[in-house]
Amino acid sequence: NNGANNYGLRDTGGNFTLNAKRGIYLGANGGSINVQGAFTLTVAGVISGPGTFWSSPSSSAGYGTNVLSGANTYTGGTIIAAGALTLGASGALPYGTSLTIGSSSQGAANGSFFNMNGKSQTIGPLASSTGFGATGTGTPTVQLSGALTVLQTNVSTTFAGTITGSGGSLTING
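Residues numbered from 1 in each chain as written. Predicted model: local features only at pLDDT ≥ 70, side-chain atom pairs only at ≥ 80, totals over all residues. Heavy atoms only, no water.

This part takes up the overall build of the protein. The secondary structure content of the protein amounts to zero helices and 18 strands. Across the 174 residues in the protein, those meeting the buried criterion constitute 48%. Sequence-distant contacts, at least 24 apart, represent 66% of the contacts inside the protein between residues at least 6 apart. When the accessible area of the protein is evaluated, it comes to approximately 7400 Å², of which 47% is carbon and sulfur surface. (Helix = DSSP H or I, 4+ residues; strand = E, 2+ residues; numbered from the N terminus. Buried < 20%, exposed > 50% of the residue type's maximum accessible area, 1.4 Å probe, protein only. Contact = heavy atoms within 4.5 Å. Areas by Shrake-Rupley, 256 points an atom, 1.4 Å probe, with all protein chains shown as cover.)

Moving on: the sheet that holds strand β10 (residues 84-87). Note: strands within a sheet are paired through backbone hydrogen bonds, in either parallel or antiparallel orientation. Strands sit in the order β2-β5-β8-β10-β12-β15-β17 across an open sheet of seven strands; the sheet is parallel. Unpaired on one side and paired on the other, β2 (16-18) and β17 (162-164) mark the two borders of the sheet. In this sheet, neighbouring strand axes are inclined to one another by 15° on average, regardless of whether the strands run parallel or antiparallel. In this sheet, strand β8 (residues 65-68) lies alongside strand β5 (residues 40-43) in parallel orientation, the contact comprising four bridges. The residue of β8 that forms the bridge with Thr 40 is Thr 65. (Pairing = 2+ DSSP bridges. Axes fitted to C-alpha atoms, helices over the stretch in contact; angles between N-to-C directions.)

Note on soluble globular proteins: their nonpolar side chains tend to be buried together. Counting residues in hydrophobic clusters, the biggest one holds 26 residues, and the most contacted among them are Phe 53, Leu 68, Leu 93, Ile 101, Phe 114 and Leu 148. Only β4 (31-35), β5, β10, β11 (99-102) and β16 (147-151) provide two or more residues apiece to this core. Ignoring any residue separated from it by four or fewer positions in sequence, one finds Leu 68 in contact with Val 43, Ile 47, Phe 53, Leu 85, Thr 86, Leu 87, Gly 88, Ala 89, Ala 92 and Leu 93. (Core = buried A, V, L, I, M, F, W, Y, C linked by side-chain atoms within 4.5 Å.)

Even without glycine at this site, Asn 117 takes up a positive phi of about 55°. Along the chain, Asn 117 turns up in the loop between β12 (113-115) and β13 (121-123).

As a further point, take the pairing of β16. Most of β16 is tucked away, with four of its five residues classed as buried. Here three bridges tie β13 to β16, and the two strands are oriented parallel to one another. Bridge assignment links Ile 123 to a residue of β16, and that residue is Val 150.

Next up on the list: the sheet that holds β13. Within the open sheet, the three strands sit side by side as β13-β16-β18. Their pairing is parallel. Here the strands that pair on one side only, and so sit at the sheet edges, are β13 and β18 (169-173). On average, adjacent strands in this sheet sit at an angle of 15° to one another, irrespective of strand direction.

Note on placement: Ser 166 falls in the loop between β17 and β18. Assessed through its relative accessible area of 62%, Ser 166 is described here as exposed. Separated by 23 residues in sequence, Ser 166 and Gln 143 have C-alpha atoms that sit 8.5 Å apart. Residues in contact with Ser 166, not counting those within four places in the same chain, are Leu 144 and Ser 145.

The next subject is the pairing of β8. Along β8, one buried face is formed by Thr 65 and Val 67 and the opposite face, lined by Asn 66 and Leu 68, is buried too. Of the strand pairs in this sheet, β8 and β10 are connected by four bridges, and their pairing is parallel. Across the sheet, the residue bridging to Asn 66 is Leu 85, located in β10.

The next subject is the packing of aromatic side chains. Across all of its chains, the model carries one aromatic pair by this definition. Summarising the aromatic geometry, the rings of Phe 53 and Tyr 74 are spaced 6.1 Å apart at their centres and angled 45° between planes, so their arrangement reads as tilted. Taken together, the residues span a long stretch of sequence, with Phe 53 in strand β7 (residues 53-55) and Tyr 74 in the loop between β8 and β9 (78-80) at a distance of 21 residues. Each member of the pair, Phe 53 together with Tyr 74, is buried. (Phe/Tyr/Trp six-rings, centres within 6.5 Å; stacked < 30°, edge-to-face > 60°.)

What follows is the structure in structure tokens.
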């Protein structure tokens, strides 16, 4: 879970890739990966299970970049509390699950980022929040350089952020 200093995985020492044969299972309480500063952690394996995936949920170490490149199947949502979550492959987030981006005031460009990285993705409801992890006044940002489809699925959410970039498309259904 994402309680104080209770990380699923914490990278404070450099860039690295988790082998594609090393999956991650999220239990009912979810799990997190915290990447510090200018570092990047690539998760090539599949993240599965019923829980929510938290990308950098702590202000103590979490303004780096998580790259997801596996065909992930977890059924909880995805929360980017700080730093960046980058797609390493099209459809790396589970189809139709929610995405919430925080307003962290730390990091290189102030805010938390979902970087499409030229890939395609279909998500469930898109929202922003100031109420978790590294809260602040930064701008939640979607860096749109691929095809993003948002399925609102009969849920009312608010995204108080920025959608920026070139070479991408945005489709909202629902």
